[in-house]
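Per-entry structural report
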Amino acid sequence: MIVAEQKPLQEIKALISNAQNVLVVGCGTCVTVCFAGGEREAAILAASLRMSTRLDGKPQEIRHETVQRQCEWEYLDQIAELVQQADIVLSLGCGIGVQAIAEHFPQKWVVPGLNTTFLGLPSEQGVWVERCAACGDCILGLTGGICPIARCSKSLLNGPCGGSEDGHCEISPDTPCAWQLIYDRLLSMDKLHLLMEIQPPKNWRTSRDGGPRKIVREDLRLPTKEE
Amino acid sequence: MSDQTTLEQKAHSNGYLAGSNLERVLRAGHFAVTAELGPPQSADAQVIRQKAALLRGYCDAVNITDNQTAIVRMSSIGAAAIALQEGLEPVMQMTCRDRNRLAMQSDLLGAYALGLRNVLCLTGDHQSFGNHPQAKNVFDMDSIQLIHMVAAMRDEHVFECGDPLKGAEPRFFIGAAAAPFAGPVEFRPYRLGKKVKAGANFIQTQLVYDVEAFSKFMEKVRALGLHEQTFILAGVGPLKSPTMARYMQQQVPGILVPDALIERMEAAGAPWAGKKKEELTKEDKKARTVAWQQEGIQICIELIQQLRQIKGVSGVHIMAIEWEEAVKPIVEGAGLYPRPQVN
């Protein structure tokens, strides 16, 4: 899932300070599951902003609504009327949700209430960890299902650097060394030979380095009107 | 590059891969000595010249660090060019942290054109250690891929993309680092093997204080036959104080410092032990520092003598960081002075 966390209240207040009518829009998918921007968080944030702006002596009209997915046009259509009534939209979606709102409602100013942090999973209650860097050319088949691009601090491809000690990364004792994890897993699966091959430099074109990415699936596209 | 290709087959018409002094000394079978010179956090060429004067004649080549510990310093290439003017043979260090493959290859061309002949290919410390933790890191390639790229430029006359070079190729004597005691320890000889396979002609190891542990590492290295395919220089460095020794034992990844060495350092400071800071005069502190330093140098000399006995160790790399003065007594004390002249 996409993992995000809420921005500090002061920063959010600064982002919406010039608006009278604010619409807080939650999202029912990833950010709901990571407790950052779902129905519940949208309601709590709206209440906090109402209270806080009132205490500041500059009360703002704060409404809130949550859609199933901010990243799909059909769900955004459902809040068109509320958006029109607001001066500003405060999105509690991920960065994709914020941009979808901006694109779908070109006349409306939209600001983010979250920092979109990574693609990951909850490793335990209340703890989320990064798992994927969306590099566009998955090598998990070589590394025993543990990603060195996302989980090695240096995205190394040929094994651990000299900073791996007692299973953790040189950057912090709290950061597991991805290559230690890969080594242990390949050893346990009797597949250490995979580590002995020299992996050539990665082709980063499939990653962000190739520019903004796009997938076109002709088999799924609808026929154009001319056809 | 096929595994069967021998050093001679890859060599230039003069019989050497690069013809650097370090390569000549090693291939002549001498026990090599390299040292380290850290560039300043300024544009002051004089700092390089002063440090060069302390090292000249006492080593076969000098590593010029590349933004070591991710702290901005004069570039390795710039400082190496100055060191070269000063009569030292530099080993330019290059990390993967700050440059992508375009920048690395263009720097290799420029460095060779400036007269540099040795390069040490490193991953690089993470930028979170240094003075610009906010920086975006690069890590376009890793150290093994970098080694292969430098070798391919020299031996196959091609850039990383496969395009041929248009003219003279950079002919570097290619070095790599080895961290025998970093995790997972069992994988370390194999990782060294990957570096050798990628094209590393010489290896400089992380600091060795635990000779027994290093001997075990070398046993595995020999079993893989790596000592016959590359020159291995064991890393050594003089301890400055018991505090530094303990810090390295506890805080620095991949360094093993036996308690016995820490006890020796403590014993060297024994006449001043147990006294509070304010009880020590300026002279006391100075005398204690000198006693510690003498012991640190003595330990370093003994380590070199022990490491020299290990089969497959072709030399030592002396890391006396910000203490270049120590190199002379260490090299002399270890019986490695004067350095051989190989033409």
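Going by the structure above, here's the rest.
Read on for a plain summary of the structure. As the structure is a computational prediction, the values presented were derived from the model and not from experiment.

A separate point is helix H8 (residues 211-223) of chain B. Residue and element names in this part refer to chain B. If you check H8, its first and last C-alpha atoms are 18 Å apart, about what 13 residues at 1.5 Å a residue would give, namely 18 Å. Of all the residues in H8, the buried ones are Val 211, Phe 214, Phe 217, Met 218 and Val 221. Down the axis, H8 shows its buried residues gathered within 115° of arc, on one side only. Away from the buried face of H8 by more than 90 degrees, exposed residues Glu 212, Glu 219 and Ala 223 are located. Gly 225 lies just past H8 and shows a positive phi near 75°.

Turning to the environment of Ser20(B), a few remarks are in order. All names here are of chain B. Within the secondary structure, Ser 20 is located in the loop between helix H1 (7-10) and helix H2 (21-27). The exposure class of Ser 20 is buried, given its relative accessible area of 1%. In this structure the C-alpha to C-alpha distance between Ser 20 and Thr 281, which are 261 residues apart in sequence, comes to 49 Å. Not counting residues up to four positions away in its chain, the partners in contact with Ser 20 are Glu 89, Arg 117, Asn 118 and Phe 173. Engagement of the side chain of Ser 20 in a polar contact is seen with the side chain of Asn 118, the distance being 2.7 Å.

All right, on to the pattern of salt bridges then. For side chains bearing opposite charge, pairing can occur when the charged atoms are close. On inspection of all chains with the given rule, the structure shows 24 salt bridges over all chains. Here Glu218(A) and Arg221(A) are joined by a salt bridge, their closest N and O atoms 3.4 Å apart. Its relative accessible area of 53% is what places Arg221(A) among the exposed residues. We note a salt bridge from Glu86(B) to Arg56(B), for which the minimum N-O separation is 3.5 Å. A residue pair is termed long-range when its members are at least 10 positions apart, and Glu86(B) in the loop between helix H4 (76-85) and strand S3 (90-95) and Arg56(B) in the loop between helix H3 (45-55) and strand S2 (61-64) qualify at 30 residues. Judged by relative accessible area, Arg56(B) falls into the partly exposed class, the value being 37%. Several salt bridges share partner residues, and in doing so they unite Arg49(B), Arg56(B) and Glu86(B) into one network.

The subject of this paragraph is the packing of aromatic side chains. Counting across every chain of the model gives 6 aromatic pairs over all chains. Between the aromatic rings of Tyr58(B) and Tyr337(B), the centroid separation amounts to 4.5 Å while the plane-to-plane angle is 20°, which identifies the pairing as stacked. Here Tyr58(B), found in the loop between H3 and S2, pairs with Tyr337(B), found in the segment after helix H12 (327-333); they are 279 residues apart in sequence, far enough to count as distant. Ring geometry for Tyr112(B) and Phe172(B): centres 5.7 Å apart, planes at 75°, overall edge-to-face. In this pair, Tyr112(B) is assigned in helix H5 (residues 101-113) and Phe172(B) in the loop between helix H6 (143-155) and strand S5 (173-178), connecting sequence segments 60 residues apart. Overall, the relative accessible area of 1% leaves Phe172(B) in the buried class. In this arrangement the basic side chain of Lys202(A) is found over the ring face of Trp204(A), its NZ or CZ atom lying 5.6 Å from the centre.

Nonpolar side chains in soluble globular proteins tend to be buried together. Core analysis: the largest hydrophobic core is formed by 88 residues, its most contacted members being Leu108(B), Phe172(B), Leu192(B), Tyr209(B), Phe214(B), Ile304(B) and Ile318(B). When residues in this core are grouped by element, the largest group, 8 residues, is from helix H11 (residues 282-308) of chain B. Dropping the residues within four chain positions of it, Leu108(B) is found in contact with Met92(B), Met94(B), Val119(B), Met149(B), Val150(B), Met153(B), Pro170(B) and Phe172(B). Of all hydrophobic cores here, the second largest spans 24 residues; its members include Ile16(A), Cys27(A), Leu45(A) and Ile88(A).

Residue and element names in this part refer to chain B. The topology assignment puts Thr 205 in strand S6 (residues 202-207). Relative accessible area serves as the criterion here: at 4%, Thr 205 is assigned to the buried category. Spatially, the C-alpha atoms of Thr 205 and Ser 106 are 27 Å apart, while their sequence positions differ by 99 residues. Those residues within four positions of Thr 205 in sequence are excluded, and the remaining contacts are Ala 178, Pro 180, Phe 214, Ile 232, Leu 233, Ala 234, Gly 235 and Met 319. In this structure the side chain of Thr 205 is engaged in a polar contact, spanning 2.8 Å, whose partner is the backbone nitrogen of Gly 235.

Cut-offs applied
Residues numbered from 1 in each chain as written. Chains lettered and ligands numbered in written order. Predicted model: local features only at pLDDT ≥ 70, side-chain atom pairs only at ≥ 80, totals over all residues. Heavy atoms only, no water. Helix = DSSP H or I, 4+ residues; strand = E, 2+ residues; numbered from the N terminus. Expected span 1.5 Å × (residues − 1). Buried < 20%, exposed > 50% of the residue type's maximum accessible area, 1.4 Å probe, protein only. Arc of directions from axis to C-beta. Contact = heavy atoms within 4.5 Å. Polar contact = N/O pair within 3.5 Å; in protein donor to acceptor, adjacent residues only side chain to side chain. Salt bridge = Lys/Arg side-chain N within 4 Å of Asp/Glu carboxyl O. Phe/Tyr/Trp six-rings, centres within 6.5 Å; stacked < 30°, edge-to-face > 60°. Lys NZ or Arg CZ within 6 Å of the ring centre and 35° of its normal. Core = buried A, V, L, I, M, F, W, Y, C linked by side-chain atoms within 4.5 Å.

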